[in-house]
Amino acid sequence: MAASFRMRRLLLGMTAVLGTLLAGCAQFPDEHPRPWGDPPSLEPQAGPQPSFENESSPPPESGSSPQQPKAPVGCEDPDPAVVATCLDPVGAIAVLPGGQAALVGERATGRVLRVQRGTKPVELARIPVDPSGGGGLTGLALSPTYHEDELFYAYVTTRSDNQVVRVAAGDRPKPVLTGIPKGSTGNAGAMLDDGQGSLLIATGNAGSPANAANPQSLAGKVLRIDSSGKPAAGNPNPTSPVVAAGLTSPGGLCGTPALGMYWVTDRSGGQDALYRVQLGEPLGAPAWTWAERPGVAGCAADPAQVVVALTDAAALYTLHPAPDGSFTGQPTKVMEKTYGRFSAAALGPDGLIWLGTANKNGGQPISSDDRALRIESPSAGSAGKD
């Protein structure tokens, strides 16, 4: 019994010593940490992404490369820049006061629609047109007194000629300037409110350079008329609407009325060109040319830039004008193959640019084509705003 008792005391003492040793070891720092396991990340975590669910949300910045939106399903297009979908190829755009809505003209159907993001397009007129030879409905402009009369004007090709018509929503279009020559080609035109109470109209040469050179012909010209289609007050020749000559197949007319600076795009046989329009002076040499002929179409301009829509190149081209009409800096091509073939462009009063596409005409349309878009200016440094 005594031996058994002494053995138990010995075992208890050894256990106590071992526990003390183990406890002491646990107090030493680990100088060689275990290699497995990832260290905690110190990088900030991504926050919530912006939502573009309503009209007050800004459109994406066009010069950047944002994350691609989800693909459209039928006519439903989740792209926040898209205002209207499933249109016929767009021939012209005129932005309404406030910049939230615009008139969109379909070149081949002659339909004019009022479009606004989040609402269904409303058909305001259906003008009979002949789309042959590049014609159809290719120009739109608001009445210089739109805030009073809500009238708009369209440049259209008919069976016999090219015309300027005045339209009141829901009413039959009324021709105000007729007899502009029509040909097998060269029927496209463009329009712009000149900011001085008159309208500027660019006309094609109807397939004949001789028309553009003939001062008696209205083809291949830049015209300036009043709301009744008469030569506007202040024209170089008070009896003629012609203020410049020498166009072939114009695609866009834009400008900054406050500076008296206007631009017209044109497609000739050898090159595409951008001309500065100076009332009463010959167009002269182009301000810019594209030997590769990318298909210049509509344009939008402010004092800092001229944005040209390119149809065949499926892009926008931005240039920066100097006061003398030359260009400074390096022009850039943006939004290439983003929305396909751009056909129309217009600047809104809020500085945002409206664009129309023509992918159903020679392009690769997706389910929501053709579309009207509203984007931030390519030269802007921040997202757009209403």
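Just above, that's the structure.
J.: What exactly am I supposed to notice about the sheet that holds strand E17 (residues 288-290) here?
T.: Each strand in a sheet pairs with its neighbour through backbone hydrogen bonds, running either in the same direction (parallel) or in the opposite one (antiparallel). Pairing in this open sheet of four strands is antiparallel, and the strands run E14-E15-E16-E17 from one edge to the other. Since the sheet does not close on itself, it has two edges, and those belong to strand E14 (250-256) and E17, each with one partner. Averaged over all pairs of adjacent strands, the angle between their axes in this sheet comes to 15°, without regard to strand direction.

J.: Is there a simple way to think about unusual backbone geometry in this case?
T.: Where the residue is not glycine, phi is negative for most of them; where a peptide bond is considered, it is trans in most cases. Omega for the bond connecting aspartate 369 with aspartate 370 falls within 30 degrees of zero, at -10°, which places this linkage in the cis form. Assignment of secondary structure puts aspartate 370 in the loop between strand E23 (353-357) and strand E24 (372-375). Of note, the phi angle at glutamate 150 is positive, near 55°, even though the residue is not glycine. Mapped onto the secondary structure, glutamate 150 falls in the loop between helix H2 (146-149) and strand E7 (151-157). In this structure, lysine 337 takes a positive phi of about 55° despite not being glycine. Looking at the secondary structure, you find lysine 337 in the loop between strand E21 (327-334) and strand E22 (342-347). Given the relative accessible area of 64%, lysine 337 is considered exposed.

J.: When you look at the state of the cysteines in this model, what are you seeing that I'm missing?
T.: Linking two cysteines covalently through their sulfur atoms gives a disulfide. The full count for this structure, using the stated rule, is two disulfides. Paired by a disulfide, cysteine 75 and cysteine 86 hold their sulfur atoms 1.9 Å apart. Disulfide cysteine 75-cysteine 86: the torsion about the S-S bond is -105°, which places it as left-handed. In this pair, cysteine 75 is assigned in the loop between helix H1 (2-26) and strand E1 (82-84) and cysteine 86 in the loop between E1 and strand E2 (90-95), connecting sequence segments 11 residues apart. By sequence-ordered numbering of the bonded cysteines, the protein has its disulfides arranged as 1-2, 3-4.

J.: Help me understand the layout of surface pockets, please; the structure alone is not making it clear to me.
T.: It is the rolling of a water-molecule-sized probe over the atoms that shows where space remains empty. By volume, the second largest pocket amounts to about 750 Å³. Around the second largest pocket, the lining comprises 38 residues; the ones closest to its centre are Val95, Leu192, Asp193, Ala346 and Leu347. Of all the secondary structure elements, the ones that give two or more residues to the lining of the second largest pocket are E2, strand E6 (137-142), H2, strand E10 (189-193), E14, strand E18 (296-302) and E22.

J.: Where do I start with the side chain of threonine 256 in this structure?
T.: When you line up the elements, threonine 256 lands in strand E14. Given a relative accessible area of 8%, threonine 256 falls into the buried group. Dropping the residues within four chain positions of it, threonine 256 is found in contact with Met261, Ala301, Asp302 and Pro303.

J.: Explain the pattern of salt bridges here, please?
T.: Any two side chains of opposite charge can pair, given that their charged atoms come close. A complete count under the given rule lists 11 salt bridges for this structure. Of the charged contacts in the structure, one is a salt bridge between arginine 371 and aspartate 369, with a shortest N-O distance of 3.0 Å. As far as burial versus exposure is concerned, arginine 371 and aspartate 369 are alike and both buried. Linked by salt bridges that have partners in common, Glu106, Arg111, Glu123 and Arg126 make up one network.

J.: Please clarify how empty space enclosed by the protein should be interpreted in this entry.
T.: Summed over all chains, the structure comprises two cavities of 30 Å³ or more. A volume near 40 Å³ is recorded for the second largest cavity. Residue lining of the second largest cavity: Thr256, Leu259, Met261, Trp263, Ala301, Asp302, Pro303, Gln305, Val306 and Pro321, and that is the complete set. Those elements that provide at least two residues to the lining of the second largest cavity are strand E15 (261-267), E18 and strand E19 (305-310). For the lining of the second largest cavity, the residue count by class is seven nonpolar, two polar and one charged.

J.: So what exactly am I meant to see when it comes to the sheet that holds strand E12 (residues 221-225) here?
T.: If you trace the four strands from one edge of the open sheet to the other, you get E10-E11-E12-E13, paired in antiparallel fashion. The open sheet is flanked by E10 and strand E13 (242-245), the only strands paired with a single partner. Sheet twist, expressed as the average angle between the axes of neighbouring strands with direction ignored, equals 15°. Strand direction decides the pairing type here: E10 and strand E11 (residues 199-203), joined by five bridges, are antiparallel. By the bridge assignment, methionine 191 is partnered in E11 with isoleucine 201.

Conventions and cut-offs
Counting of residues starts from 1 at the beginning of each chain's written sequence and follows it residue by residue. For this predicted model, a pLDDT threshold of at least 70 governs which residues receive local features, and a threshold of 80 or more governs which side-chain atom pairs are given and counted, while totals over whole chains, interfaces and linings are taken from all residues. With hydrogens and water stripped out, all remaining heavy atoms of the structure feed into the side-chain values. For two strands to be treated as a pair, DSSP must find at least two bridges joining them. Secondary structure elements follow DSSP: runs of H or I of four or more residues count as helices, runs of E of two or more count as strands, with numbering from the N terminus. Where helices are involved, their axes are fitted lines through C-alpha atoms of the stretch in contact, as for all axes, and angles between N-to-C directions lie from 0 to 180°. Exposure is judged per residue with a 1.4 Å probe applied to protein chains only, and the accessible area is read against the type maximum: over 50% gives exposed, under 20% gives buried, and values in between give partly exposed. Here, two cysteine sulfur atoms that lie within 2.5 Å of each other are counted as a disulfide. The distinction between a cavity and a pocket rests on a 1 Å grid over the protein atoms alone: a 1.4 Å probe fits inside a cavity but cannot get out, while a pocket stays open yet meets protein on both sides within 12 Å along at least five of seven lines, and a residue with an atom within 4 Å of a point counts as lining. Grid points are joined across faces, edges and corners, and a volume is the space filled by probe spheres set on the points. Contact between two residues is taken to exist if any of their heavy atoms lie within 4.5 Å; hydrogens are not considered. Salt bridges are defined as contacts in which a side-chain nitrogen from Lys or Arg sits within 4 Å of a carboxyl oxygen from Asp or Glu. Three residue categories are used. Nonpolar comprises Ala, Val, Leu, Ile, Met, Phe, Trp, Tyr, Cys and Pro, charged comprises Asp, Glu, Lys and Arg, and polar comprises the others, including Gly.

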